[in-house]
Amino acid sequence: MSLKVGLDFGTSNSGVAVYDGRQVRLLPIDRKNVLPEVVRTVLYITRDYHCSIGQEAIELYYRHNVNRQRHYVKQWAGEIDYSGADLHYVRDVYVYVDELKPGRLMQYLKTALRKSAPGGYEGTQIFERFYSTSELVQVYLGLLKRRAEQLLGEPIRAVTLGRPVQFSSLPEQDRRAEQNLRQAALAAGFEKVDFELEPVAAALDYEQSILGPQNVVIYDFGGGTLDIAVMRLGDPNGRKVYASGGVDIAGSDFDRAIIEKRMLPHFGLGQVHHQPGILELIQSVPDWMALPDLATPQNRSMLDKAIHAGLAPVRLKALQALIYNDMAFTFYNRVESAKIALSSQGAALISLEDRDIPLWELYTRSQFELDIQDFQARVEKVLLDTLAASGLEPGSVDAVVKTGGSSNIPLFTSMLKRLFGAEKVKESNPFSSVVAGLAIRAGM
Amino acid sequence: MASSQKIDEWIKEAEGRPESALLILRLIASRLNDLTERNEELLSENIALQDGSQVEQYRKRIATLEYQLELLKRRFGPDGVLTAETLPGTAGPQLLSMLVYHARGMIIRLQAGLQELSSPAALGQIKGELFPAGESPRLLAVAPEEELLLLFSSGRVSTCRVEQIPAMETGGTWTWEQASLPDEPHGGELLAALLPLTTLPLSDFFVQVSRRGCIKKTMTSLAETVLSNHHLGRGALQKADQPCEAILCRKKDRLALVTYEGRLLGLDVDDLTYSTEERIRLEPHDHVVAAFTVAPDQSLLCLTDNGKVIHRDGAVLEPAKSVHTRGQALIPPARLEQGTRFIGAAALRETDGVLVLEAGGRLTLHACRDLIGSGRLPESGPVLAFCVVPAIFEESRP
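Residues numbered from 1 in each chain as written. Chains lettered and ligands numbered in written order. Predicted model: local features only at pLDDT ≥ 70, side-chain atom pairs only at ≥ 80, totals over all residues.

A. Molecular detail of the overall build of chain A. Counting its secondary structure elements, chain A contains 14 helices and 20 strands. Looking at the 444 residues of chain A, the share that counts as buried comes to 47%. (Helix = DSSP H or I, 4+ residues; strand = E, 2+ residues; numbered from the N terminus. Buried ≥ 20, exposed ≤ 12 C-beta atoms within 10 Å, placed from the backbone.)

Below, the structure is given as C-alpha cells:
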C-alpha cells in the first residue's frame with residue numbers, strides 16, 4: 001500500500017504527520033527546532049543552489065551573512081523605452097549587485113503563492129536563475145518530503161495538503177493559488193495530491209476527543225490567514241460544514257503593526273523629515289526580506305552624509321547597522337518573540353545586542369492590544385458573518401476550537417469568550433492540530 | 001527611548017494587570033543597571049580624553065600606521081603606486097643584502113649590486129667556527145631597505161633595519177668577530193629566525209613553525225601589540241622545542257613544511273589555528289628544516305646535506321586534511337638509510353637564484369635553472385644552508 005501523509009504547509013510553520021487508523025504520529029521533521037515536529041517555513045538558497053529549510057536554513061543564513069563583506073558591481077538590468085511627444089529614446093538600466101552575497105533566505109512562501117497572479121508576484125531572481133513562486137514552494141516541499149521519507153523509511157506517494165478557506169477573496173486568484181500549490185507538490189515528487197481546508201482538518205483532530213454530536217466553530221488563526229469553519233461534528237449521520245470563511249489577517253500583520261507603530265522611531269522616523277531617500281529606507285524596515293537589497297554603496301553614502309551632518313546620528317547609525325550588518329532577520333524575530341511572549345505575560349522586551357543599535361523597547365500587552373485593535377474589529381466581523389452564514393446563533397454553538405499561533409493572543413481569546421462564553425472556548429495544540437487532522441483525512 | 005507617553009502606557013498596563021507590574025519593574029531595573037554601567041564607561045572615556053591618555057593612545061596608533069605606511073613606501077616607492085612589477089617577490093632590488101646569521105644573534109651582511117652577480121659565483125668565505133651555538137648558520141637575501149623582525153627562541157621579538165647592519169664587500173673572507181649584534185639574545189635565548197617585514201601591511205597572519213612541527217598563527221592586525229610588547233610567543237608545545245621559522249602569510253596561501261628526514265607537508269593557512277598545534281607527526285630524531293609559502297607558479301627545491309638537489313612541481317603540495325599526518329616522503333628509504341638528509345627547502349621560480357653556504361664556509365650563488373638542470377651543486381662539498389634570492393636571473397639579464 002502506498003504511503004500517504006498529511007502536510008500542513010503554513011505561512012510561518014509547517015509539519016508532516018501520518019495516521020495509522022488509530023493514532024496520529026507527528027514526525028519530528030526539524031530536530032534542530034525547539035519543537036521538532038514543527039519546521040519553520042523558510043527556505044535558504046545559496047549561490048551554488050544548495051537549498052535548506054527550517055532551523056538549518058536559519059543557521060546557515062546567520063553563519064553566511066551576519067557582518068559579512070560586500071562587493072557591489074554595476075550590472076546591466078535591461079532597457080527602458082522613453083516616449084515623448086516627438087521624442088523616443090531607449091535608455092540602459094543598471095543595478096548594483098552584491099557579488100559576494102552568499103545566499104537568499106525566503107519566508108512567507110505561502111503568502112507569495114496567494115499573490116502569484118499574472119501581474120502580481122510571479123517569482124524572484126536568485127543569482128543566475130529565476131524561480132517562479134511555484135518552483136520555490138516545490139523546492140521547500142521536496143526537502144520536507146525527503147526528510148519525512150528518511151524518518152518513515154519508505155517513499156511517500158500521496159499527500160493531503162491543507163489550504164486556507166480563502167487564499168484570496170478573488171475566486172480567480174484563489175483557484176490559481178491552489179493550482180500552483182498542487183503543481184508544486186506534484187513536481188516535488190508526490191504522485192497524488194488532494195486538499196483539505198485547514199479549519200476542517202483541525203476539526204477532524206478535535207472530533208477524536210468528543211463523545212457526542214456538537215456544533216463547533218473552528219477558529220484557525222495562524223501566521224498568514226484567519227480561517228473559520230462552522231461544523232457539525234461527531235454526528236453518526238456524518239460531518240457537516242455549515243459555513244466557512246476567512247480573512248488575510250494573521251501573525252505577520254501584527255508583527256508589521258508593532259514595527260510600524262513602535263520600532264520605526266528607533267531608526268529615525270519622526271526625526272528625519274526632508275530626506276526622501278532616507279525616509280524610504282526607514283519605511284522599508286518592516287519588510288525584512290527587502291532590507292538586504294538596500295545595502296548598496298549609494299545608500300551607505302547617503303546615510304553617512306546624514307550622520308556626518310548630525311541628522312539623527314544615533315538613529316541613522318542604528319538603521320545603517322540594521323541594513324549593513326544583516327540584522328533585519330534577527331530584528332524581525334525579536335519582534336515576533338516579544339509578540340509571542342505577550343500572550344503569556346504583561347510585558348516583553350524588544351532589544352538587539354548590536355553595538356550600533358541601541359534598541360530597547362519595553363512593550364506591554366495593553367500597548368500591543370492598542371496597536372492591533374483595528375484588526376480585532378475586522379476579525380470579529382468575519383467571525384460573526386461566518387456564524388450568520390451557518391444559520392447558527394452563538395448560543396447554539398457547543399464549542400469554539402482555537403488553533404494556530406495567533407489564536408493564543410489574549411485579545412482574541414477574550415473576544416471568543418465574550419461572544420460564546422468562556423466555557424465553550426477550547427484549546428488545541430496551536431501548531432499540530434491542523435497537520436494531525438490532515439493526516440487523519442489522508443488516512444481515510 | 002522612554003518618552004512620557006510610553007511611561008504612561010507602562011503605568012496603564014501595571015494598573016490594568018497588576019501582575020505585570022513586577023515584570024515591568026524588573027525590566028526597567030535591568031535597563032537602568034545597563035545604562036549605569038554604560039554611563040560609567042562613557043565617563044571614563046571622557047576623562048581619558050580630557051586628561052590626554054586617550055590622545056596618547058591615538059598618537060601611538062597613528063605612529064603605527066605611519067610606520068606601516070613608511071614600510072610600504074620603502075617597498076613600492078614614494079609615489080605608492082602598486083603595480084604588478086612592484087608586488088612582493090616579483091621585483092628585483094638594485095642592491096642585494098645577503099645575511100648570514102647564527103643562533104647567538106650575530107649577523108654578517110654582504111652587499112652586492114644585482115648587475116655584478118652571475119651564476120655560479122663565489123661570493124667569499126667565512127673563516128673560523130661555523131657552529132658557535134651548535135646550530136648551522138642560516139641565510140637570508142633581502143633588499144637593503146628591508147626591516148627585519150628578529151624572533152628569539154623565548155618568543156621575544158625585536159626589529160632592526162637591514163641598513164643598520166654594517167655591510168661588507170663580496171669576494172673577501174670574514175670571521176664572526178666582524179659580524180654585528182643588533183640585539184643580543186637574553187640568557188638562555190637563541191635567535192630562531194629573521195623575518196622581512198615590509199609585506200606586513202599586505203599580510204593577514206604571522207605564522208610560526210617550531211622544530212617539532214607545531215604551528216601557530218597570529219593576526220597581523222595585532223602587529224602593533226606584538227611589536228610594542230616585543231613578544232610574539234614561542235609557538236611550541238614542548239619545553240625542549242623552539243621556534244625555527246616565522247612567515248608572513250595571506251589568508252589563501254598554502255604553507256609547506258619540510259623536515260630533516262625528507263618529509264613534506266602542505267597546509268592551507270586559512271585552516272591553521274590561532275593556538276599552537278602540532279601539525280606533523282615526526283620521528284623522534286626528525287625536525288622541521290624549512291617552512292614557507294608556495295605560490296601556484298612556484299616549484300619546490302630541497303637541498304640535501306651532500307649538495308644534491310631535489311626539485312618537485314608545486315602541485316605535489318596537497319593540503320593535509322588530517323591534524324596529525326606524517327607528510328609525503330621525498331627521500332627514498334634506501335637513501336635515508338645511507339644518511340641523506342635535507343638541510344633546507346624553498347619555493348622558487350626558474351628566474352630565482354640560490355645562495356649556498358658550504359660546510360667549508362664558502363658562500364656561492366647559483367641560478368636556479370642551472371641547479372634544476374644538473375640536479376646538484378657544482379663542485380660542492382657538504383652544505384650547511386641555503387636561501388632563495390628572488391628574480392635575479394631574469395631573461396633580460398646576462
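What follows continues from the structure just given.
B. Highlighting the overall build of chain B. What chain B contains, in helices and strands, is six helices and 23 strands. Counting over 398 residues, chain B shows a buried share of 37%. The contacts of chain B with a sequence gap of at least 6 include a subset with a gap of at least 24, amounting to 73%. (Contact = placed C-beta atoms within 7 Å.)

C. Representation of the environment of Ser168(A) in the model. As for its placement among the helices and strands, Ser168(A) is situated in the loop between strand E12 (156–163) and helix H4 (171–187). Once residues within four sequence positions are removed from consideration, Ser168(A) is found in contact with Arg114(A), Gln173(A), Asp174(A) and Ala177(A).

D. Focus on the interface of chain A and chain B. Between chain A and chain B, the contact holds twelve residues from the first and 14 residues from the second. Residues of the side of chain A that touches chain B, tallied by class, amount to five nonpolar, six polar and one charged. (Nonpolar A, V, L, I, M, F, W, Y, C, P; charged D, E, K, R; others polar.)

E. Seen up close, the sheet that holds strand E5 (residues 147–152) of chain B. All names here are of chain B. As summarised here, the arrangement of the three strands in space is E6-E5-E9, forming an open sheet in which the pairing is antiparallel. Each edge of the sheet is formed by a strand with only one pairing partner; in this case those strands are strand E6 (157–161) and strand E9 (191–196). Averaged over all pairs of adjacent strands, the angle between strand axes in this sheet comes to 25 degrees, irrespective of strand direction. In this structure, E5 lies alongside E6, joined through five bridges in antiparallel fashion. Bridge assignment links Leu151 to a residue of E6, and that residue is Val157. (Pairing = 2+ DSSP bridges. Axes fitted to C-alpha atoms, helices over the stretch in contact; angles between N-to-C directions.)

F. Spatial organisation of the packing of helix H7 (residues 276–283) of chain A against helix H8 (residues 297–308) of chain A. Residue and element names in this part refer to chain A. The N-to-C vectors of H7 and H8 enclose an angle of 110 degrees; their axes lie 10 Å apart at closest approach. One way to sum up the angle between H7 and H8 is to call them roughly perpendicular. Judged by the sense of rotation from one axis to the other, the crossing of H7 with H8 is left-handed. In contact with Gly277, Ile278 and Leu281 of H7, H8 contributes Asn299, Met302, Leu303 and Ala306. Tallied by class, residues from the contact of H7 with H8 come to five nonpolar, two polar and no charged. (Parallel < 35°, antiparallel > 145°, perpendicular 65-115°, else oblique. Left-handed = near helix turned anticlockwise from the far one by under 90°.)

G. The arrangement of the nonpolar core in detail. Ranked by size, the top nonpolar core spans 130 residues in total, and within it Ala17(A), Leu43(A), Leu322(A) and Ala439(A) carry the most contacts. No other element matches the eight residues that helix H3 (residues 133–152) of chain A contributes to this core. (Core = buried A, V, L, I, M, F, W, Y, C linked by C-beta atoms within 7 Å.)

H. Quick peek at unusual backbone geometry. Residue Pro120(B) is reached from Ser119(B) by a cis peptide bond, and omega for that bond is -10 degrees. In this structure, Pro120(B) sits in the loop between strand E2 (107–113) and strand E3 (121–126). The backbone phi angle of Tyr49(A) is positive, close to 65 degrees, even though this residue is not glycine. Relative to the helices and strands, Tyr49(A) is located in the loop between strand E5 (42–46) and strand E6 (51–53). For Ala391(B), which is not glycine, the phi torsion reads 50 degrees and is therefore positive. By the element assignment, Ala391(B) lies in the segment after strand E23 (383–389).

I. Seen up close, the sheet that holds E6(A). Residues and elements named next belong to chain A. The three strands are arranged E6-E5-E9 in an open sheet whose pairing can be described as antiparallel. Of all strands in the sheet, those with a lone pairing partner are E6 and strand E9 (103–107), marking the two edges. Geometrically, the sheet is characterised by an average inter-axis angle of 20 degrees between neighbouring strands, direction not taken into account. In this structure, E5 lies alongside E9, joined through five bridges in antiparallel fashion. Within the sheet, the bridge partner assigned to Ile45 lies in E9 and is Arg104. Against the sheet, helix H1 (residues 54–65) makes contact with E5, E6 and E9, and its axis sits at roughly 45 degrees relative to E5, the strand it touches most.

J. Region of interest: the environment of Val389(B). Residue and element names in this part refer to chain B. Here Val389 is to be found in strand E23. Given 25 C-beta atoms within 10 Å, Val389 falls into the buried group. Sequence-wise, Val389 and Cys368 are 21 residues apart; in three dimensions their C-alpha atoms are separated by 9.4 Å.

K. Region of interest: the confidence of the model for chain B. Residue and element names in this part refer to chain B. Predicted confidence across chain B gives a mean pLDDT of 85, with 93% of residues reaching 70 or more. Averaged over each element, pLDDT in chain B is lowest for helix H3 (residues 53–76) (74) and highest for strand E16 (residues 288–293) (94). The model gives residues 80–93 a pLDDT under 50, and that stretch makes 21 contacts with residues more than four places away or in other chains. Overall fold confidence for the complex sits at a pTM of 0.60, while the interface term, ipTM, reaches 0.74. (pLDDT = per-residue confidence, 0-100.)

L. A look at the pairing of strand E1 (residues 95–101) of chain B. Residues and elements named next belong to chain B. Here E1 lies mainly inside the structure; six of its seven residues are buried. Where E1 lies against strand E4 (residues 138–142), five bridges are found, and the strand directions are antiparallel. The residue bridging Val100 from the neighbouring strand is Leu139, located in E4.

M. Main features of the pairing of strand E10 (residues 123–126) of chain A. Residue and element names in this part refer to chain A. Here four bridges tie E10 to strand E11 (residues 129–132), and the two strands are oriented antiparallel to one another. Each residue of the ladder has a partner; that of Gly123, found in E11, is Ser132. What sits between the antiparallel neighbours E10 and E11 is a turn of two residues, in which Phe127 has the positive phi angle 55 degrees.

N. Highlighting H8(A). Residues and elements named next belong to chain A. Taking 1.5 Å as the rise per residue, H8 with twelve residues should run 16 Å; its terminal C-alpha atoms sit 16 Å apart, in good agreement. The set of residues buried in H8 consists of Asn299, Leu303 and Ala306. Relative to the axis of H8, the buried residues are bounded by an arc of 60 degrees and lie together on one face. Exposed and oriented more than 90 degrees from the buried face of H8 are Pro297, Gln298, Ser301 and His308. In this fold, the buried residues of H8 make contact with H7 and helix H9 (313–324). Phi for Gly310, located one or two positions after H8, is positive at around 80 degrees. (Expected span 1.5 Å × (residues − 1). Arc of directions from axis to C-beta.)

O. Representation of the environment of Thr225(A). Residues and elements named next belong to chain A. Structurally, Thr225 can be placed in the loop between strand E14 (214–221) and strand E15 (226–233). Sequence separation of Thr225 and Ser168 is 57 residues, and the distance between their C-alpha atoms is 9.9 Å. Sequence-distant contacts of Thr225, defined by excluding residues within four places in its chain, comprise Pro164, Gly246, Asp248 and Ala250.

P. Seen up close, the packing of helix H5 (residues 198–207) of chain A against helix H14 (residues 433–443) of chain A. Residue and element names in this part refer to chain A. In contact at an axis separation of 7 Å, H5 and H14 are set at 80 degrees when each is read in the N-to-C sense. As the angle between them shows, H5 and H14 are arranged roughly perpendicular. Mapping the contact onto sequence places Glu198, Ala201, Ala202, Ala203, Leu204, Asp205 and Tyr206 in H5 and Ser433, Val434, Ala436, Gly437, Leu438, Ile440 and Arg441 in H14. Residues of the contact of H5 with H14, tallied by class, amount to nine nonpolar, two polar and three charged.

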